[in-house]
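Topology and contacts: notes
If you want the building blocks of each chain, they are given just below.
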Amino acid sequence: MMPSFSKDAKLLLQSLFSSLLLLHGVANGVYRFEEKKVLHMHSYHWKHQNGIRTNCFSPRSRRKEGATILEMKHQDHCSKQITNLSKKLQECLISDEFRVKSMQYRFKNIIARKREYVSETQIPLSSGIKLQTLNYVVTIELGGRKVTVIVDTGSDLTWVQCQPCESCYDQQDPLFNPSTSTSYKTIPCNSSACQLLQFAGNSRLCGRESSTCNYVVSYGDGSYTRGNLGREILALGPTAVDDFVFGCGRNNKGLFGGASGLMGLGRSEMSLVSQTSAIFAGVFSYCLPSTEGDNSGSLTLGDDSSTYRNSSPVSYTRIISNSRLSTFYFLNLTGIQISGTDLQAANLGKGAILIDSGTVITRLAPSIYRVLRDEFQKRFSGFPPAPGFSILDLCFNLSGYQEVNVPTIKMQFEGNAEINIDVNGILYFVKTDASQVCLAFASLAYEDEIGIIGNFQQKNLRVIYDTKESKLGFAAENCNFI
């Protein structure tokens, strides 16, 4: 007769059995555990994002030891009502593909020497789902007026929509009106600030009939902003920046959701990083929160490691110089591991990869992606398959599961730096009922295109950009502004 077990005993036996299933391989007679992380399906609280409209402003900020810290949120937390979140998540993937294709086109044109004309502070950083993109936003003040902007390390010019506006997309916050500001100044065409536009890879338009410096900036996803350059007092939490050069957008179109504009954190002299280097020494970092729930992270301006809350040591890698793409952040990717096993791909470690806060899904060369996909599928077996969607081609139906064990993924860089990708950055929910959940990596179209580390794989990491020392650091951190 079989013995009877209590409920707790049964759960313990089930747990032990699951652990035994994770054992694999025998080396010198010693078993080792396969590296996996538990993803709790019920932790994805989608209901709060349907039918709820929240204020876009995130006024929380603080200053510590010369660093300014701003609260950062996903952009969804300041969007108008989303009636069909599954559809929105799918549209974000399609938009992300437009961005990456256009970025690759832009890179090739720049490389071919062509231009397409079309102290420390912490700021709260938020996810952009409620603004209906998968980007992250912070709230700052321009001329004493609060504005919410998308954080983008792949851009240089900071801009907001301005009145009067010829053509503006809908935003949740009121439009910035320079005519009501006593500190606003226009920038003339013959100024050094106007000259910097072209050095940053943007277009300046100075016709015979205009003495004002006009600009045009086109983005990877087909979005654009057109307007004039101005100077204004910028407040980053408690830190004020006088005569900050920014774009006053009068004709703007694209996938900016409900944000007021964009914060450029690239490497050119026009970027916020360069304009505030006397205050923050060219150092900034962020911790991107998960998109699930009302989570917030932080954007920290300045070099004070005491403001970080990392749970692992910071490991640094060199920022690679690229004279033709000098405004972007490139790294040497040397290896990738899945569940502790090194991927064997011919082109792995042979080219630089771009890290970008504005791209969502990480892109890899086709030969590298195929190896990663096949190895992940081998280690995440036994689940019902689901159709691929857009750029994601390895998908599963996980609607019948409360939790799943997900293979770990580690990206390794020159200098022994590494990213242990958070479990929330490995699988992408195409459908909120978990009937279509996909591996959150995608292939580039061609081997010679530039790989990109997207923001989905940067969740719950402290990512530190030191532009003076030309290095970039990673550390695990449970992102929370509080």
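This one's a predicted model, so the numbers in the text were calculated from it and none came from an experiment.

**Side note on the overall build of the chain**
- Each helix and strand counted, the chain has 6 helices and 33 strands in total.
- With an accessible surface of roughly 20400 Å², the chain has 50% of that area assigned to carbon and sulfur atoms.

**Regarding the state of the cysteines**
- What the rule picks out here adds up to 5 disulfides.
- A disulfide bridge connects C162 with C248, and the sulfur atoms are separated by 2.0 Å. Across the S-S bond of C162 and C248 the torsion is about -100°, and the bridge reads as left-handed. A residue pair is termed long-range when its members are at least 10 positions apart, and C162 in the loop between β9 (159-161) and β10 (185-186) and C248 in strand β14 (residues 239-253) qualify at 86 residues. The residues C162 and C248 share a single accessibility class, namely buried.
- Paired by a disulfide, C287 and C479 hold their sulfur atoms 1.8 Å apart. Measuring the twist about the S-S bond at about -80°, one finds the C287-C479 disulfide to be left-handed. With C287 in strand β16 (residues 283-287) and C479 in the segment after β33 (471-476), the pair connects residues that are 192 residues apart, well separated along the chain. In terms of burial, C287 and C479 fall into one category: buried.

**Section: the pairing of β16**
- Here β16 lies mainly inside the structure; 5 of its 5 residues are buried.
- Of the two faces of β16, the one lined by V283, S285 and C287 and the one lined by F284 and Y286 are each fully buried.
- As paired strands, β16 and strand β32 (residues 461-466) are joined by 5 bridges and run antiparallel to one another. In the sheet register, F284 faces β32, and the bridge partner there is Y465.
- With 4 bridges connecting them, β16 and strand β17 (residues 297-301) associate as antiparallel partners. Pairing of F284 across the sheet is with L301, part of β17.

**Considering the nonpolar core**
- Formed by 74 residues in total, the largest nonpolar core has its most connected members in L236, F376 and F413.
- Among residues more than four places away in sequence, those in contact with F413 are T317, L331, N332, L333, T334, I353, E418, I419, I453 and F474.
- Counting residues in each nonpolar core, the second largest holds 18 residues, with V137, W159, Y215 and A259 among its members.

**Thoughts on the packing of aromatic side chains**
- Taken as a whole and assessed by the stated rule, the structure comprises 14 aromatic pairs.
- Between F383 and Y401 the ring centres are 5.0 Å apart and the planes differ by 70°, which places this aromatic pair in the edge-to-face class. Separated by 18 residues along the polypeptide, F383 in the loop between α6 (366-379) and β23 (385-386) and Y401 in the loop between β24 (395-396) and β25 (403-407) bring together distant segments of the chain.
- For the cation-ring pair, K471 lies above Y316, with the distance from its terminal atom to the ring centre recorded as 4.3 Å.

**Considering the pairing of β32**
- Within β32, 6 of the 6 residues are buried, leaving the element largely enclosed by the surrounding structure.
- Sheet analysis places β32 next to β33, joined by 6 bridges and oriented antiparallel. Residue pairing across strands places I464 opposite G473, the latter belonging to β33.

**Quick word on unusual backbone geometry**
- Note the cis peptide between Q163 and P164, where omega equals -10°.
- Structurally, P164 is set in the loop between β9 and β10.
- Within the chain, N416 stands out as a residue other than glycine whose phi angle is a positive 65°.
- Considering the arrangement of structural elements, one finds N416 in the loop between β26 (409-413) and β27 (417-420).
- On the basis of relative accessible area, N416 is assigned to the exposed category, the value being 72%.

**Brief notes about α6**
- A rise of 1.5 Å per residue sets the reference length of α6, with its 14 residues, at 20 Å; its end C-alpha atoms lie 20 Å apart and thus fit the reference within 8%.
- Looking at α6, one finds that the buried residues are P366, S367, I368, Y369, L372, R373, E375, F376 and R379.

**A short note on the confidence of the model for the chain**
- Here the chain shows a mean pLDDT of 82. Residues at 70 or above account for 77%.
- In the predicted structure, residues 1-33 sits below a pLDDT of 50 and forms 20 contacts with residues beyond four places in sequence or in another chain.
- Low pLDDT (under 50) marks residues 45-53, which in the prediction has 25 contacts with non-local residues, meaning those over four places away or in another chain.

**What to know about the sheet that holds strand β28 (residues 427-429)**
- Taken together, the 4 strands give an open sheet; going across it, the order is β23-β24-β29-β28, and neighbouring strands pair in antiparallel fashion. Every other strand in the sheet has two partners, leaving β23 and β28 as the edge strands with one partner each.
- Taken together, the 3 bridges between β28 and strand β29 (residues 437-439) define a ladder with antiparallel strand orientation. Within β29, the position partnered with F429 by the bridge is V437.

**Here's the deal with the environment of P174**
- Positionally, P174 belongs in the loop between β9 and β10.
- Distance from P174 to K146, taken between C-alpha atoms, is 8.9 Å for residues 28 residues apart in sequence.

**Concerning the pattern of salt bridges**
- With the rule as written, the count across this model stands at 9 salt bridges.
- In this structure, D374 and R373 form a salt bridge, with 3.3 Å as the shortest nitrogen-oxygen distance.
- For D374, a relative accessible area of 42% translates into the label partly exposed.
- Measuring nitrogen to oxygen at the nearest pair gives 3.7 Å for the salt bridge that ties K410 to E418.
- According to the relative accessible area criterion, K410 is buried, its value standing at 17%.

**Structural notes on the environment of G382**
- Considering the arrangement of structural elements, one finds G382 in the loop between α6 and β23.
- Each C-alpha atom of the pair G382 and F396 lies 9.8 Å from the other, and the pair is 14 residues apart in sequence.

About the thresholds
Residues numbered from 1 in each chain as written. Predicted model: local features only at pLDDT ≥ 70, side-chain atom pairs only at ≥ 80, totals over all residues. Heavy atoms only, no water. Helix = DSSP H or I, 4+ residues; strand = E, 2+ residues; numbered from the N terminus. Areas by Shrake-Rupley, 256 points an atom, 1.4 Å probe, with all protein chains shown as cover. Disulfide = S-S within 2.5 Å. Buried < 20%, exposed > 50% of the residue type's maximum accessible area, 1.4 Å probe, protein only. Pairing = 2+ DSSP bridges. Core = buried A, V, L, I, M, F, W, Y, C linked by side-chain atoms within 4.5 Å. Contact = heavy atoms within 4.5 Å. Phe/Tyr/Trp six-rings, centres within 6.5 Å; stacked < 30°, edge-to-face > 60°. Lys NZ or Arg CZ within 6 Å of the ring centre and 35° of its normal. Expected span 1.5 Å × (residues − 1). pLDDT = per-residue confidence, 0-100. Salt bridge = Lys/Arg side-chain N within 4 Å of Asp/Glu carboxyl O.

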